[in-house]
Structure formats: structure tokens, C-alpha cells
Amino acid sequence: MYKHFNMGILALIIASAMVSCKPKPTEEPDAPGTHRYTESTEEFCNPERGFFIQQYFTTKDLTEELTVDRVKAARANQEWHYTLYLTSYYMTAYMDGDIAQAALDRLEHNMLALREGGAKCVLRFAYKDNFAPSSAPFDPTPAVVSRHIEQIKPYLQKYADVILCMQAGFIGSWGEWYYTTNFIYQPTKDEDFEPRWKVAEQLFQALPESRQICFRYPALKRRYMRMHSLNENPLDSASAHKGDIRSRWAAHNDAFVSSENDLGTYTAADDRTWHSADTKYVVNGGESCGMYYSALAERAIKQLEDYHITYLNSGYLQAIIEQWKQSGMMPEFRRRMGYRLVLDKAVITPEPKAGQELTVDLSLRNVGFAAPVNPRGVELVLVSAANPADKKVYKQKADPRFWLGGEARNVQLSAMLDAQMQGDYNLYLNLPDTCATLYNRPEFSIRLANENMWEAKTGFNKLATITVK
């Protein structure tokens, strides 16, 4: 009865048995001292990033101002978790002379409200908010603009801590450097740009070098660099964050995903490629102003990633905001706007000893669209479990501005433990603001996107409890 048995079937059975008996590959065990963490999908406040509230301040009513309560209420908004304002100051009444002291006092009041309330601003100054012929002139003379920049310089210096970045402003309607009366409309020759370059250079001198200035069109940066015999290539890791004009010349796009070329934002054939590379290392943000096919959420997300968007207007263009909500992708956009740092694991010296070095190797991912853009501290903090007043802070050389959006990174930290240390210590990662006014303010420290790590009272991210012997 077996003489007709199909030998091919028998071979198949034997082969299958051999496959099923093959042992599964085993994962490498974690090294001693390894701690793993769980990524969180929670939306929460983090400084210097996110959707912003747009706030206009005009010379018609100098009593309109920010308050600490308004800023705190915006942080508490459970949909947007606001930590950013776009504060636009329209100085229409001062186009023939100095800015009134009352307007400067309001500027200072608003900065103090931001600082106390736990937020920062994208700062812009302009003169007109439309381009109707009847509204001309759209800006004052270069001499008046220069005087106004000198007037606000002390405030830029004093309150740089609550300025995420400054938009160049001053020239043209909305301060966008296009519809202008006194700075040569649609310049073409090199000499046509000189009045604009003087404004740019004065702004870079007025604002502390820790802060960047955003210009409306990539072509402006490329032309300035070319005209001044500077490197016109996009920034890279070697040239970024040097404090010079090239590394501080940032971007804003007020026609984001609004047409094929974003309404003239991109003019040269390679502008988009150039801009994508440059914005890895400078801040970029703005708003949308037209419903175009690229504004659809599934298309917009690629441009959010490609151009490393740190901030966008939550209220404009409303049709686009609503489409993003209806798509179901808005929670992801809110979470990923700017940076979002996830810690996967830390390898910590397994048996730390007093008087010896403690090492902490972090495996981080930035799942956001952009890197943090301003100077940011990195610290290991050890707090005694028995005596919380016993706190040791170890400053590190790591620079979060190079933790680029969409990339993973290993960060090596260390601390030389004091000889007298002994017992259990809670080990934290602290990413504080470097400005002295904000350094001890937890609202201005970066929160990691992990579960059960954040301590709101201190602004620390807990890594582990270790025992020092």
C-alpha cells in the first residue's frame, strides 16, 4: 500500500520539520545598568516650539496688552498647549518720528507678562497691515526705521530670554519685505538691496547673538551671502550656531503650503532643496494663506518635515487648520511641531562608587520636525533620596541644537561623584533654559516625551534611582 507514496511530499514534510525545529535567534541581553523607557503620545507644553497665538498691537490703542493671566491660561489650553505668541507691533503713528515712550512701555510690559506667564514670542515690527494703494506709504524712510531699531534695541537686549526669534519686519506691508514704499519695490540690481541690507545688519547688531532673525524669502539670504563674499551654501553642522550673520539668518514662510511656490517664497529652481538643508540649523515657521493641494494634511506633513517647521499659526488659514483637524492628523502635527525628544534607553554605570566617574549613555530620538534652535543646557542632576536638599548638578557639553528632527542620537554624559557621597540618589536629566532669568523655571525646561519621567515641580526628567557606594 505504500509503493505509490509521493516522495516529493515526504521531502516537503522533512524540510518543514527541520524548519520548525530550527531555534529562534535570541536577542542580545541588555548590558548591566541599562534602563529602558516608554514613549508617550501625550500632548503637553514645551518651550520654544508649537502652534502660536497671533497678537496684534497697534498705536490706536496702547492699552491693549498681554497679561500674566492670559499667558497662563493659554498654557493651560488643553487643545493647543500654547507656549508661543507671535507679537506683531504696528507702529503706524510713528512713521514720521520716534516711537512714543508709552508704546515702548507696553512692549516691556508684554515681555514681562510672557516671562512671568511661562511663554515666549516670535517678535515682529511693521507699519501697515495691507497693501491697498490708499494705505501708502507702507513703511517710513530708512532713517526713521534705523532710529526705531535703536529705540527698541535696549528691550531686545533685556528681554531676549523670552524671544524665540525675531522676524526681520520693518520693511513693507506686514513687515514682509515685499510691498514697500521706501525700500525699492521688487529690487533687481545689487545696489537696490543695499538699504535692506543696512536694516538687516542693524537688526543683527541690536539682537543678542544667541537669537536668530527670520527673513521671508530664501533668495534674500542667498543673495546677501553672495554679495558679501560669504559662503552661499546651506548651513551644515560645522557652520551652524557660530553667532555670525550666516548662522543667525533664519526663515519664515507666511505662505506655507499655499501654492506651487508658496506665493513667491521659492523663486530659484533649487530654492526648495537649499532651504530644506539650511533649515536643519535655523528656525523656520510661519502660517498658511491659501488652500492648495499641498495643504492637505497627508501632503503637508512631508513639508513640515522637509522644512523643519518649529512654529505655525493656529488661527490662520482657518480652512487649512480645519482640514488638518478633519483628517485626524492634527494631534500628530501638534505633538511634532518643533522638537519632540524621546528617550529609548540609558546605560548607567551599574555600580557607581563615590569618588569615581558616573557615565550615562543616552539613546535619544527626536521625532519632531526640527531641532531646538536656541542655546539649551544639558545637565545630570543627583538628588539624595534621604535628603532632597542634597542636590548635585553636573553640567554637560552636549548641545541639543544638533539633535536634529527625525534623527536618532547617542548622547554620552558623565559626572565625577564626590568622595563623600553614599546611599540612594535619584538621577535626572535636566534641559534648562540657559538664560539666568529662566534657568530655574521648570516651564522653560524641556520635557521628554516619555511616560513617568517628568517632574513638573523641578522641570527634571527622571532617569533612575541609583545607589552610590
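The following refers to the structure shown. Not measured: the values here are computed from a predicted model.

Attention shifts here to the sheet that holds strand S5 (residues 163-167). What links the strands of a sheet is backbone hydrogen bonding, and the strands pair in either a parallel or an antiparallel sense. Pairing in this closed barrel of 8 strands is parallel, and the strands run S2-S3-S4-S5-S6-S7-S8-S9 around the ring. Taking each pair of neighbouring strands and ignoring which way they run, the sheet shows an average axis angle of 30 degrees. Relative to strand S6 (residues 213-215), S5 runs parallel, the two sharing 2 bridges. Across the sheet, Gln167 pairs through a bridge with Cys214, a residue of S6. Running at roughly 160 degrees to strand S4 (residues 120-126), helix H3 (residues 101-117) makes contact with strand S2 (50-58), strand S3 (84-90), S4 and S5 of the sheet.

Below, the discussion takes up the sheet that holds strand S1 (residues 34-36). On the basis of which strands lie adjacent, the open sheet formed by 4 strands has the order S1-S10-S11-S14 and antiparallel pairing. Two strands lie at the open edges of the sheet, namely S1 and strand S14 (407-416), each paired on one side alone. Across the sheet, the axes of successive neighbouring strands diverge by a mean angle of 20 degrees, strand direction being ignored. In this structure, strand S11 (residues 357-366) lies alongside S14, joined through 10 bridges in antiparallel fashion. For Leu364, the partnering residue across the bridge sits in S14 and is Arg409.

Right, let's talk about the nonpolar core for a bit. Counting residues in each nonpolar core, the largest one holds 75 residues, and the members touching the most others are Leu123, Phe170, Trp324 and Phe333. Discounting chain neighbours no more than four positions away, the residues touching Trp324 are Phe51, Phe256, Ala295, Leu296, Ala297, Ala300, Leu312, Met329, Met330 and Phe333. Core analysis: the next-biggest nonpolar cluster, separate from the first, contains 31 residues, Val360, Leu364, Val411 and Met421 among them.

Along helix H9 (residues 297-306), the residues classified as buried are Ala297, Ala300, Ile301, Gln303 and Leu304. The arc that holds the buried residues of H9, viewed along the axis, is 165 degrees, so those residues lie on one side. Those residues of H9 hidden inside the fold are in contact with helix H8 (271-278), strand S9 (311-313), helix H10 (318-327) and helix H11 (330-336). Within two residues after H9, His308 carries a phi angle of roughly 50 degrees, on the positive side.

With that settled, the discussion passes to the environment of Tyr159. Structurally, the position occupied by Tyr159 is in the loop between helix H4 (142-158) and S5. Measuring from C-alpha to C-alpha, the distance between Tyr159 and Leu107 comes to 10.0 Å, with 52 residues separating the pair along the chain. Apart from residues no more than four positions distant in its own chain, Tyr159 is found in contact with Glu108, Met111, Leu112 and Arg115. Among the polar contacts made by the side chain of Tyr159, one reaches the side chain of Glu108 at a distance of 2.5 Å.

Enumeration over the complete set of coordinates arrives at 6 cavities of 30 Å³ or more. Estimates place the volume of the largest cavity at around 140 Å³. Every residue along the wall of the largest cavity is listed here: Glu43, Phe44, Asn46, Arg49, Gly50, Phe51, Trp80, His81, Arg334, Arg335, Tyr339 and Arg340. Counting only elements with at least two residues in the lining of the largest cavity, the list comes to S2 and H11. Here the residues of the lining of the largest cavity are counted per class, giving 4 nonpolar, 3 polar and 5 charged. There is about 90 Å³ of room inside the second largest cavity. Around the second largest cavity sit 13 residues that line it, and Tyr89, Met91, Ile99, Ala103 and Phe125 are the ones nearest its centre. Taken together, the elements giving at least two residues each to the lining of the second largest cavity come down to S3 and H3.

This brings us to the layout of surface pockets. If you roll a probe as big as a water molecule over the atoms, it shows you where there is empty space left. Empty space within the largest pocket amounts to approximately 720 Å³. Breaking the lining of the largest pocket down by element, the ones donating at least two residues are S2, S3 and helix H6 (218-227). Sorting elements by how many residues they give to the lining of the largest pocket places H6 first, with 5 residues. Taken together, the residues of the lining of the largest pocket sort by class into 17 nonpolar, 7 polar and 9 charged. Along the walls of the second largest pocket sit Ser259, Glu260, Arg272, Tyr292, Tyr293, Ser294, Arg299, Lys302, Gln303, Asp306 and Tyr307, which together make up its complete lining.

Now for the packing of helix H5 (residues 194-206) against H6. Orientation of H5 relative to H6, taken along the N-to-C sense of each, is 95 degrees, at an axis distance of 12 Å. Classified by the interaxial angle, the pair formed by H5 and H6 is roughly perpendicular. Taking contact as the criterion, the partners of Glu194, Trp197 and Glu201 in H5 are, on H6, Leu220, Arg223, Tyr224 and Met227. Class assignment of the residues belonging to the contact of H5 with H6 gives a composition of 4 nonpolar, no polar and 3 charged.

The rules behind these values
- Residues numbered from 1 in each chain as written.
- Predicted model: local features only at pLDDT ≥ 70, side-chain atom pairs only at ≥ 80, totals over all residues.
- Heavy atoms only, no water.
- Pairing = 2+ DSSP bridges.
- Helix = DSSP H or I, 4+ residues; strand = E, 2+ residues; numbered from the N terminus.
- Axes fitted to C-alpha atoms, helices over the stretch in contact; angles between N-to-C directions.
- Contact = heavy atoms within 4.5 Å.
- Core = buried A, V, L, I, M, F, W, Y, C linked by side-chain atoms within 4.5 Å.
- Buried < 20%, exposed > 50% of the residue type's maximum accessible area, 1.4 Å probe, protein only.
- Arc of directions from axis to C-beta.
- Polar contact = N/O pair within 3.5 Å; in protein donor to acceptor, adjacent residues only side chain to side chain.
- 1 Å grid on protein atoms, 1.4 Å probe; cavity = no way out; pocket = protein on both sides within 12 Å on 5 of 7 lines; lining within 4 Å.
- Points joined across faces, edges and corners; volume = space filled by probe spheres on them.
- Nonpolar A, V, L, I, M, F, W, Y, C, P; charged D, E, K, R; others polar.
- Parallel < 35°, antiparallel > 145°, perpendicular 65-115°, else oblique.

Functional significance is not addressed by these values, which are geometric in nature.
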